[in-house]
Amino acid sequence: MPLTLYAHPFSSYCQKVLIALYENATPFAYRTLGPDDPAAVEEWAALWPQKRMPVLVDGGRTVLESSVIIEYLALHYPGPVRLVPADPEPALDVRRLDRIFDNYVMTPMQKIVLDHLRPEADRDSYGVRQAREMLDTSYRWLDADLAGKDWAAGTEFGLADCAAAPSLFYADWVHEIPAACASLKDYRKRLLARPSVARAVDEARSYRHFFPPGAPDRD
């Protein structure tokens, strides 16, 4: 049986896994979650009652959480692009950066986005301000950390870059990376030019009108 991915193309965490799959041309069945396929939604809810995307199914095994899914792919479906280094020391750095992009870029970005879905009276202006401050801090730190690097952990594309691509793609939409962070802005451009990332972005293009704060006319 082929791998089956339950996901939506506009979801940042789903894009993270899609990029990993596209990097190594890993075959998989794509079950798009949405009103057009209620059976897929029902299967997904039965697999993971928390109803969080993405979910990967490999035969009788269900794999949850985007970072774990990519680690699973690297272990069981390796390809020419080694997403996690075999050497434990550099692998730790890749995992550290993966968590930084998820927790300190993706999470505050989503805080800002989801606040737009709240009724006006229930919006969290304090929380949004904190999220923007966290993004500012992350941008400055990442800009310094990325200086002189091609990819997040050095010269090789991997797990951390799979996390970085959707994180920075959407974060820059809601809280633009400042011009002073030139290394980070250049890194975002390199990510968007990567074929696997460009494919994930293009597949989600038709959903941009659903972006709660409004999608900018770029990228």
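Below is a short write-up of the structure. (Residues numbered from 1 in each chain as written. Predicted model: local features only at pLDDT ≥ 70, side-chain atom pairs only at ≥ 80, totals over all residues. Heavy atoms only, no water.)

**Describing the overall build of the protein chain**
To be explicit about the condition: Elements are defined by DSSP. Helices are runs of H or I of four residues or more, strands are runs of E of two residues or more, and each kind is numbered from the N terminus. Taken over C-alpha atoms, the radius of gyration is set against a globule rule of 2.2 Å times the number of residues to the power 0.38. Relative accessibility thresholds used throughout: buried, under 20% of the residue-type maximum; exposed, over 50%; partly exposed, between the two (1.4 Å probe, protein chains only). Contact between two residues is taken to exist if any of their heavy atoms lie within 4.5 Å; hydrogens are not considered. Exposure was quantified through the Shrake-Rupley algorithm and a 1.4 Å probe, taking into account, for residues, occlusion by the shown protein chains and nothing else.
The number of helices and strands found in the protein chain is eight helices and four strands. Traced from its N-terminal end to its C-terminal end, the protein chain shows the element sequence β-α-β-α-β-β-α-α-α-α-α-α. By the compact-globule yardstick of 17 Å for 219 residues, the protein chain fits well, its C-alpha radius of gyration being 17 Å. Projecting the C-alpha coordinates of the protein chain onto the three principal axes gives extents of approximately 50 × 45 × 25 Å. Across the 219 residues in the protein chain, those meeting the buried criterion constitute 45%. Put simply, of all contacts in the protein chain between residues at least 6 apart along the chain, 68% involve residues at least 24 apart. For the protein chain, the computed accessible surface area is about 10900 Å², with 55% contributed by carbon and sulfur atoms.

**Topic: the state of the cysteines**
Under the convention used in this document: In this description, the term disulfide denotes a pair of cysteine sulfurs within 2.5 Å.
Here the structure, examined in full by the defined rule, presents zero disulfides. Of all cysteine sulfurs in the structure, the one in Cys-14 sits closest to Cys-162, which takes part in no disulfide; the separation is 14 Å. For Cys-162, a relative accessible area of 0% gives the class buried.

**Thoughts on the sheet that holds strand S3 (residues 55-58)**
Whether parallel or antiparallel, the strands of a sheet pair through hydrogen bonds between backbone atoms. Rule in force here: Any two strands between which DSSP finds at least two bridges are classified as paired. Note on definitions: angles span 0 to 180 degrees between N-to-C directions of axes, and those axes are lines fitted to C-alpha atoms, for helices only across the stretch in contact.
What the four strands build is an open sheet, ordered S2-S1-S3-S4; its pairing is mixed. Each end of this open sheet is capped by a strand with a single partner; those strands are strand S2 (28-32) and strand S4 (61-64). Put simply, the sheet's adjacent strands are angled 20° from each other on average, direction ignored. The pairing of S3 with S4 spans four bridges and is classified as antiparallel. Residue pairing in the sheet places Leu-56 in a bridge with Val-63 of S4. Where helix H1 (residues 12-23) meets the sheet, it contacts strand S1 (3-7) and S2, and its direction lies at approximately 160° from that of S2. Where helix H3 (residues 66-76) meets the sheet, its contacts fall on S1, S3 and S4, and the angle it forms with S4 comes to roughly 130°.

**Some thoughts on the nonpolar core**
Formally: By nonpolar core is meant a set of buried Ala, Val, Leu, Ile, Met, Phe, Trp, Tyr and Cys residues that side-chain atoms within 4.5 Å join together.
In terms of nonpolar packing, the biggest core is built from 62 residues, with Leu-56, Phe-101, Tyr-139, Leu-168, Leu-184, Tyr-187 and Leu-191 touching the most fellow members. At the level of elements, S1, H1, H3, helix H4 (88-115), helix H5 (125-146), helix H6 (159-174), helix H7 (182-193) and helix H8 (195-203) are the ones that each hand at least two residues to this core. No other element matches the 12 residues that H6 contributes to this core. Counting six residues, the second largest nonpolar core, distinct from the first, contains Tyr-6, Ala-40, Val-55 and Val-57.

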